[in-house]
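# Working through the structure, step by step
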Amino acid sequence: MGAEVGAIMVPHWREGLSADVLPDVYRDIVEVVADAPGLMQAKQIVPRIGRG
């Protein structure tokens, strides 16, 4: 059997939207990147948001 694939709805960006409208996992990513002292790679972000 194959793995299930899901989708997370993310609103279209428009002026004035904040990260509060994003699903939890996306907000976590935004916070990690915003707090980083420089550029980050996905392999650095994933452990910081609790994903394998």
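For the structure, see preceding data.
## Here we look at the overall build of the protein chain
A count of helical and extended segments in the protein chain gives two helices and zero strands. For the protein chain, whose C-alpha radius of gyration is 13 Å, the value lies well above the compact-globule estimate of 10 Å for 52 residues. Counting only C-alpha atoms and orienting by the principal axes, one finds that the protein chain spans roughly 40 × 25 × 15 Å. For the protein chain, buried positions account for 13% of its 52 residues. By element, 56% of the accessible surface of the protein chain is carried by carbon and sulfur atoms, the whole surface being about 4,800 Å².

## Some points on the environment of Y26
Along the chain, Y26 turns up in helix α1 (residues 24–35). Remark: the alpha-carbon pair of Y26 and I8, spanning 18 residues in sequence, is separated by 9.6 Å. Once residues lying within four places of it in the same chain are set aside, the contact partners of Y26 are I8 and V10.

## Section: the pattern of salt bridges
Taken as a whole and judged by the stated rule, the model has one salt bridge. Of the charged contacts, one joins R27 and D24 as a salt bridge, the two residues approaching to 2.2 Å between their closest N and O atoms. Linking R27 with D24, this pair stays in helix α1, spanning three residues, or about one helical turn. Using a relative accessible area of 24% as the deciding quantity, one classes R27 as partly exposed.

## Here's the deal with the environment of G6
Tracing the backbone shows G6 in the segment before α1. Considered as a pair, G6 and G50 are 44 residues apart in the sequence and their alpha carbons are 19 Å apart.

## What about the environment of I29?
Structurally, the position occupied by I29 is in helix α1. Judged by relative accessible area, I29 falls into the partly exposed class, the value being 29%. Setting aside anything within four residues of it in sequence, one finds I29 in contact with I45 and I49.

How each quantity is defined
Residues numbered from 1 in each chain as written. Predicted model: local features only at pLDDT ≥ 70, side-chain atom pairs only at ≥ 80, totals over all residues. Heavy atoms only, no water. Helix = DSSP H or I, 4+ residues; strand = E, 2+ residues; numbered from the N terminus. Rg over C-alpha atoms; globule rule 2.2 N^0.38 Å. Buried < 20%, exposed > 50% of the residue type's maximum accessible area, 1.4 Å probe, protein only. Areas by Shrake-Rupley, 256 points an atom, 1.4 Å probe, with all protein chains shown as cover. Contact = heavy atoms within 4.5 Å. Salt bridge = Lys/Arg side-chain N within 4 Å of Asp/Glu carboxyl O.

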